[in-house]
Amino acid sequence: MAVVLLAGCSPEVSGNSALAKGESLGEMRQQAGEALARYDQAVVDAGGSAPVTVTPPAWNSPPGLSIESATGTAVSTRLSVTFTGARGPATESCGADYYAEAVESANAVVVIVIAQPHGGDETCALAGYVRTATLNLAQPLGRRAVLEACQGQPVPVTAGG
């Protein structure tokens, strides 16, 4: 069973998080697309120059993981994101494996983090650990911002990888 968490939505950590009723990967892709639309409009409103101010959505954010930073280069399609997650891999009790996919526009990238937790009914500590997920973008990162999805705000991007 895969549990899908939208990066950027909540600082809460749980190896066995479940989606709220009615949430799906499709809905999370739609939410990411809405974050991109807000950012793209902010770029237009700013006349195409930085800094860009993004108005957050008026709705409550669903549960999920918050992207803290990203690592990539302007000429590469490879991007790694850092977030707080489970201590170990899904082969361990209270662990999880993480995968990521991107929703992209000409101005920004939103990353959806997908968690595959260890199976079973477990009581897990709420301690969080630094985890990363790496993905390939459809186009090189260039000057695009990497956004946390719920508020649509940029995260720091460092050169590397």
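Just so you know, these numbers come straight off a predicted model, no measurement behind them.

Undergrad: For this particular structure, what's the right way to read the confidence of the model for the protein chain?
TA: Close inspection of predicted coordinates is inappropriate in any region flagged by low pLDDT. Averaged over all residues, the pLDDT of the protein chain equals 80, while 80% of them reach at least 70. Per-residue pLDDT, averaged within each element of the protein chain, yields its smallest value for strand 1 (residues 3-5) (37) and its largest for strand 8 (residues 157-158) (95). For the stretch residues 1-8, pLDDT sits under 50, and the model shows 46 contacts to residues farther than four places along the chain or on other chains. Long-range and interchain partners of residues 10-22, a stretch whose pLDDT sits below 50, account for 28 contacts in this model, where long-range means more than four residues apart.

Undergrad: Quick question: what am I supposed to make of the nonpolar core here?
TA: In a soluble, globular protein the nonpolar side chains are often hidden away together inside. If you look at the biggest cluster of nonpolar residues, it comprises 20 residues, and the most contacted ones within it are L79, V81, F83, Y98 and V111. Among the secondary structure elements, those contributing two or more residues to this core are strand 2 (67-72), strand 3 (78-85), strand 4 (96-104), strand 5 (108-117) and strand 6 (129-136). In terms of residue count, strand 5 provides more of this core than any other element does, four residues in total. The contact partners of L79, leaving out residues within four places of it in the chain, are A70, T71, G72, V109, V111, A133, T134, L135, L137, L141 and V146. One finds L36, A42, V54 and L147 within the second-largest nonpolar core, a separate group that totals 17 residues.

Undergrad: Where do I start with the packing of aromatic side chains in this structure?
TA: Two aromatic rings are characterised by how far apart their centres lie and by the angle between their planes. Summed over all chains, the structure comprises one aromatic pair. Look at F83 and Y98: their rings are 4.9 Å apart centre to centre, the planes differ by 70 degrees, and that puts the pair in the edge-to-face class. Placement of the pair is F83 in strand 3 and Y98 in strand 4, with a sequence separation of 15 residues.

Undergrad: Sorry, what's going on with the pattern of salt bridges here?
TA: As enumerated under the stated definition, the model contains two salt bridges in all. Here E101 ties to R29 by a salt bridge, and the two come within 2.6 Å at their closest N and O atoms. Placement of E101 in strand 4 and of R29 in helix 1 (residues 25-45) is noted, with a sequence separation of 72 residues between them. Looking at R29, the relative accessible area reads 38%, which means it is partly exposed. Here R144 ties to E104 by a salt bridge, and the two come within 2.8 Å at their closest N and O atoms. In this pair, R144 is assigned in the loop between strand 6 and strand 7 (145-147) and E104 in strand 4, connecting sequence segments 40 residues apart.

About the criteria used
- Residues numbered from 1 in each chain as written.
- Predicted model: local features only at pLDDT ≥ 70, side-chain atom pairs only at ≥ 80, totals over all residues.
- Heavy atoms only, no water.
- pLDDT = per-residue confidence, 0-100.
- Helix = DSSP H or I, 4+ residues; strand = E, 2+ residues; numbered from the N terminus.
- Contact = heavy atoms within 4.5 Å.
- Core = buried A, V, L, I, M, F, W, Y, C linked by side-chain atoms within 4.5 Å.
- Buried < 20%, exposed > 50% of the residue type's maximum accessible area, 1.4 Å probe, protein only.
- Phe/Tyr/Trp six-rings, centres within 6.5 Å; stacked < 30°, edge-to-face > 60°.
- Salt bridge = Lys/Arg side-chain N within 4 Å of Asp/Glu carboxyl O.

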